[in-house]
Amino acid sequence: MTEWHEPMESNMRYAHIQGWGSYLPEHVYTNDEIAQTVETTDEWIYRRTGIKERRIANSDETTATLSMKAAEEALGRAGLPPSKVEMIVVATSTPDYIFPSTACQVQDHLGATKAAAFDISAACSGFVYALSIAAQSIQSGAMNNALVIGAETMSRVLNWDDRGTCILFGDGAGAVVLEASDTPGGVLASVLRSDGSGRDLLYLPAVYQNPMPMLQGGKWQNGHKNNQMVMNGRQVFRFATRVLAESLEEVTEKAGLTVNDLNLIVPHQANVRILETAAKKLKLDQDIFFSNVETVGNTSAASIPVALCEALKAGRLQADDHVALVGFGGGLTWGATVIKWAATPPEPTRWQALRTQASYGTARVRSRFRQWQRRVGARLGGSPTPDARMRDAVKGDKE
Ligand code: UT7
């Protein structure tokens, strides 16, 4: 295992979070409202999970549009013009399309013309995976900055007749901007893990598997309906409490720290009882775990960045604090990151905000122009290869 040490060389590169933003759909869906559709109660849901309400995307909103709003806020706070963004990574299990990626939709919306863009699928651990990959790209010198987003529209993939799952999840998006710096700190260490043998405990069949066959009790059984998430709650609960504590111990050790050096832990927001159990295992005060599950529910890959934004708003992080992010979920996957927090950047001026907003307008015009240009080019230029032109000509002769 490699350990993180204070660097000796002055040309070391660090990846600091310099901007953050989140977006939650306006529509609040309460436990009482859910209790009108499945056999449950507000009291049961709150006592067993800590959840009171969640947000549900309206019909105009998608994972991409939620991502765009969170991204705009994060870039605005970082004061980073979209034209300078070098990498966009979106962690999601509910993309609008399998391809193009959600990240490409965000790239076009922002007008981030110099950015690489791709999605990551690691369920509720996705944001920690994405942040770690982006941080390593910056630390290695391959990139100077990255926009990392976690976004989900879980409401679109829930079985609303299954009270074991539909009470838990909600929609939302959160984003951070990572930038290279020679100031020591930022992302210090990460651990990323997986165990595919637990793939049947939490899954969402893809569109083309109808129905998805699953190996159950040694026999292949026909699975469930397309596009509906399935979870074995009890088993996932057990897994979550184990890996949450283990990965926090492992990642702090890798960063040359212990869990007692942490000022704040922002975990995946699945269930307050998971946090209570993990806090006991680690002998930590439960207050060190930030939780907003009561008002947001479980937003899968979006939950950590959304909670991080709320923690920052609540003044829970100061310069030089150590914060750990820890995620767990389908795959099975899990992972944790330790960050030495940098000084909070100043709020962007009104002029900077206006200039950034104007750049999104320009990006929309540019995107439409590029589409128009392609259509005209195809009409005027005909087939792009000599062979295809020949076939076109022969076809034309026959007609
Ligand atoms: O983001 C990915 C990670 N996901 C998670 O971390 C989720 C982990 N799991 C959990 O949070 C919990 O297992 C749940 C909240 C999903 C369920 O809580 P539980 O305390 O583990 O309940 P259970 O599954 O053991 O079920 C206990 C009882 C059952 O009834 P019987 O069989 O004892 O009669 C369930 O049918 O509670 C029943 N039940 C409900 N009752 C009222 C299950 N869901 C509900 C409900 N309302 N919504």
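Heads up: these notes are all about the structure in this document. (Residues numbered from 1 in each chain as written. Predicted model: local features only at pLDDT ≥ 70, side-chain atom pairs only at ≥ 80, totals over all residues. Heavy atoms only, no water.)

### Quick look at unusual backbone geometry
Right, on to step 1. Note that the residue after Phe99, namely Pro100, is joined by a cis bond; omega there is 0°.
Right, on to step 2. Mapping Pro100 onto the fold places it in the loop between β4 (87-91) and α4 (102-110).
Right, on to step 3. Cis geometry marks the peptide bond from Gly331 to Leu332, where omega comes out at -10°.
Right, on to step 4. Position of Leu332 relative to the elements: it lies in the loop between β14 (322-329) and β15 (333-340).
Right, on to step 5. Backbone geometry at Ser300 places phi at a positive 50°, although glycine is not the residue there.
Right, on to step 6. With respect to the helices, strands and loops of the structure, Ser300 is situated in the loop between α8 (293-296) and α9 (303-313). (Helix = DSSP H or I, 4+ residues; strand = E, 2+ residues; numbered from the N terminus.)

### Quick notes on the nonpolar core
Right, on to step 1. Counting residues in hydrophobic clusters, the biggest one holds 50 residues, and the most contacted among them are Leu244, Leu248, Ile265, Phe289 and Phe328.
Right, on to step 2. Mapped by element, the contributors of at least two residues to this core are β8 (186-194), α6 (233-254), α7 (272-282), β14 and β15.
Right, on to step 3. If we ignore the near neighbours within four places in the chain, the residues touching Phe328 are Cys124, Ser125, Phe239, Ala240, Val243, Leu244, His268, Ala270, Ile274, Thr333 and Trp334. (Core = buried A, V, L, I, M, F, W, Y, C linked by side-chain atoms within 4.5 Å. Buried < 20%, exposed > 50% of the residue type's maximum accessible area, 1.4 Å probe, protein only. Contact = heavy atoms within 4.5 Å.)

### Side note on the site of the ligand
Right, on to step 1. Within the structure, the ligand sits among 23 residues, and Thr40, Arg48, Arg234, Asn271 and Asn298 are positioned closest to it.
Right, on to step 2. Measuring from a nitrogen atom of the ligand, one finds a backbone N or O atom of Gly233 at 3.0 Å.
Right, on to step 3. In isolation the ligand exposes 950 Å². Once the protein is present, 75% of that is buried.
Right, on to step 4. For the shell around the ligand, the secondary-structure elements that each account for two or more residues are α2 (42-49), α6 and α7.
Right, on to step 5. Counting residues per element, the shell around the ligand draws most heavily on α6, at 4 residues.
Right, on to step 6. By residue class, the composition of the shell around the ligand is 11 nonpolar, 7 polar and 5 charged. (Near = heavy atom within 4 Å. Polar contact = N/O pair within 3.5 Å; in protein donor to acceptor, adjacent residues only side chain to side chain. Areas by Shrake-Rupley, 256 points an atom, 1.4 Å probe, with all protein chains shown as cover. Nonpolar A, V, L, I, M, F, W, Y, C, P; charged D, E, K, R; others polar.)

### Overview of the pattern of salt bridges
Pairing between side chains of opposite charge can happen when the charged atoms of each approach one another.
Right, on to step 1. Tallying each qualifying case throughout the model produces 5 salt bridges.
Right, on to step 2. Here Arg77 makes a salt bridge to Glu73, at a shortest N to O gap of 3.4 Å. With Arg77 and Glu73 both in helix α3 (residues 63-78), this residue pair falls 4 residues apart, about one helical turn.
Right, on to step 3. Of the residues examined, Arg77 reaches a relative accessible area of 18% and is grouped as buried.
Right, on to step 4. With a shortest N-O distance of 3.5 Å, Arg242 and Glu246 are connected by a salt bridge. On the criterion of helical spacing, the pair formed by Arg242 and Glu246 is a turn pair, its members being 4 residues apart in helix α6.
Right, on to step 5. Residue Arg242 is classed as partly exposed on the basis of its relative accessible area, which comes to 38%.
Right, on to step 6. By relative accessible area, Glu246 is classed as partly exposed at 39%. (Salt bridge = Lys/Arg side-chain N within 4 Å of Asp/Glu carboxyl O.)

### Concerning the environment of Glu294
Right, on to step 1. Tracing the backbone shows Glu294 in helix α8.
Right, on to step 2. Taking the relative accessible area as the measure of exposure, Glu294 reaches 38% and is therefore partly exposed.

### So, the packing of α4 against helix α10 (residues 350-381)
Right, on to step 1. The contact between α4 and α10 brings their axes to 6 Å, and the two run at 110°. When the interaxial angle is binned, α4 and α10 end up roughly perpendicular. Where α4 approaches α10, its residues Asp108, His109 and Leu110 are matched on the opposing element by Ser359, Tyr360, Ala363, Arg364, Arg366 and Ser367.
Right, on to step 2. Looking at the contact of α4 with α10 residue by residue, the class counts come to 3 nonpolar, 3 polar and 3 charged. (Axes fitted to C-alpha atoms, helices over the stretch in contact; angles between N-to-C directions. Parallel < 35°, antiparallel > 145°, perpendicular 65-115°, else oblique.)

### Some thoughts on the side chain of Thr49
Right, on to step 1. Here Thr49 lies in helix α2.
Right, on to step 2. With a relative accessible area of 3%, Thr49 lands in the buried category.
Right, on to step 3. Reaching out from Thr49, the side chain makes a polar contact with the backbone oxygen of Ile45 at a distance of 2.5 Å.
Right, on to step 4. Engagement of the side chain of Thr49 in a polar contact is seen with the backbone nitrogen of Ile51, the distance being 3.0 Å.
Right, on to step 5. If sequence neighbours within four positions are ignored, Thr49 has contacts with Ile167, Leu168, Asn271, Val272 and Val293.

### Here's the deal with the packing of aromatic side chains
Right, on to step 1. This structure, assessed with the given rule, holds 4 aromatic pairs.
Right, on to step 2. The interplanar angle of 75° and the centroid separation of 5.6 Å between the aromatic rings of Phe239 and Trp334 together place this pair among those described as edge-to-face. Remark: Trp334 occurs in strand β15 and Phe239 occurs in helix α6; sequence separation between them is 95 residues. In this structure, Phe239 and Trp334 share a single accessibility class: buried.
Right, on to step 3. The residue whose ring lies beneath Lys52 is Tyr46, and the NZ or CZ to ring-centre distance is 4.9 Å. (Phe/Tyr/Trp six-rings, centres within 6.5 Å; stacked < 30°, edge-to-face > 60°. Lys NZ or Arg CZ within 6 Å of the ring centre and 35° of its normal.)

### Section: the pairing of strand β5 (residues 116-120)
Right, on to step 1. As defined by bridge partners, β4 adjoins β5 across 5 bridges and the pair is classed as parallel. By the bridge assignment, Met87 is partnered in β5 with Ala116. (Pairing = 2+ DSSP bridges.)

### Brief notes about α4
Right, on to step 1. Among the 9 residues of α4, 7 are classified as buried, and the element is accordingly described as predominantly covered.
Right, on to step 2. Among the residues of α4, those classed as buried are Thr102, Ala103, Gln105, Val106, Gln107, His109 and Leu110.
Right, on to step 3. Looking at the buried side of α4, the elements it contacts are α3, β4, β5, β6 (145-153) and α10.
Right, on to step 4. Phi turns positive one or two residues past the end of α4, at Gly111, with a value near 75°.

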